[in-house]
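Read off the chains here:
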Amino acid sequence: MSSPKSGKSGAVLVAGAGIAGMQSALDLANAGYLVHLVDPDVNIGGTMVRLDKTFPTGDCAMCMISPKMVEVAGHPNIKIKTMTDVVGVGGEPGRYRVRLRERARSVDPDKCTGCGECTKACPVHNVLQIPPRPAPPVMEPAWDKALGEVLAGHDHRPDDLIAILIEISAKIAYLPRAVLWHLSERLAVPLSQVYRVATFYAQFRFTPPGKYQISVCQGTACHVRGSGLLLEAVTRKLGITSGETTEDFMFSLERVACFGACALAPVVVINDKVYGGMTTRKLDRLIGELK
């Protein structure tokens, strides 16, 4: 077989259309060889197309691989064979013979535009099994009252979702799952949207806070004066990290970007009471007294 671009004799088969296979196919095709790119999957791209980020740079996987997929699909020297398995290799170096088995598609890939019209006439239908919607979680009377008061103050406007969440969090001290569920129902807003908004902002918490909320400032002035050591001291003493609460619900720990009290650095705030010039020894003694 000769290459349509260079007239070179012979062809190359690349098994696997992942990132390595596509790059190999492009290198060979640009060198003038006719390349058969074979993959058992229904599309090219391999595992990388299923990833969100890539290590170690954290770059978007699809942003990196999409241009290469387009280049492979449009290259005149590359013939893509998906849903195809390599079942045998014979011959000798320079004159290999490869047996392929292409699985049935039920459509002509050269004519398919991806419109989906063929599914209307398909004799095989995938029946969706949608599980029944579970019963809403039971709310405590105090939660129900707080939710009703907040919604009434906003006339049940879905556009006020962020303000509603802020007020509910202020009344209950956190956002219970049951409250978010009923909020979704009463505002006619998808529960996924409520969670998307609630989880975006760091000020919202989804577990009950402790009796004593310990907040350690991590601003520049506090940081250079050892606020990191204060966080480590609390973690060692209470066995919790930032955002967690002790099992007896006595203490919660959080790190705050800045309290605006740099002259008192390092600063620790416990239930809105500010403690300046804090040291690990002072903090250890203070927590011991609160217990």
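Just so it is clear, the structure is predicted and the values come from calculations on it, not from any experiment.

Caption draft 1: Quick peek at the confidence of the model for the protein. Summarising the model, the protein shows a mean pLDDT of 87, and 95% of its residues fall at 70 or more. Below pLDDT 50 for its whole length, residues 1-7 participates in 21 contacts with residues either more than four positions away or in separate chains.

Caption draft 2: Main features of helix H9 (residues 227-238). The end-to-end C-alpha distance of H9, which contains twelve residues, comes to 17 Å, matching closely the 16 Å that a straight helix rising 1.5 Å per residue would cover. Turning to H9, the residues buried within the fold contact strand E8 (212-217), helix H8 (220-224), strand E9 (251-256), strand E10 (268-270) and helix H10 (280-290). Backbone geometry just after H9 places Gly239 at a positive phi near 75°.

Caption draft 3: Examining the sheet that holds E9 more closely. Here four strands make up an open sheet; going across it, the order is E9-E8-E10-E11 and the pairing mixed. The open sheet terminates on both sides in strands that have one partner only, identified here as E9 and strand E11 (273-275). Recorded for the sheet is a direction-independent mean angle of 20° between the axes of neighbouring strands. Its contacts with the sheet put H10 on E8, E9, E10 and E11, and the angle it makes with E10 is roughly 5°.

Thresholds, definitions, all that
- Residues numbered from 1 in each chain as written.
- Predicted model: local features only at pLDDT ≥ 70, side-chain atom pairs only at ≥ 80, totals over all residues.
- Heavy atoms only, no water.
- pLDDT = per-residue confidence, 0-100.
- Contact = heavy atoms within 4.5 Å.
- Helix = DSSP H or I, 4+ residues; strand = E, 2+ residues; numbered from the N terminus.
- Expected span 1.5 Å × (residues − 1).
- Pairing = 2+ DSSP bridges.
- Axes fitted to C-alpha atoms, helices over the stretch in contact; angles between N-to-C directions.

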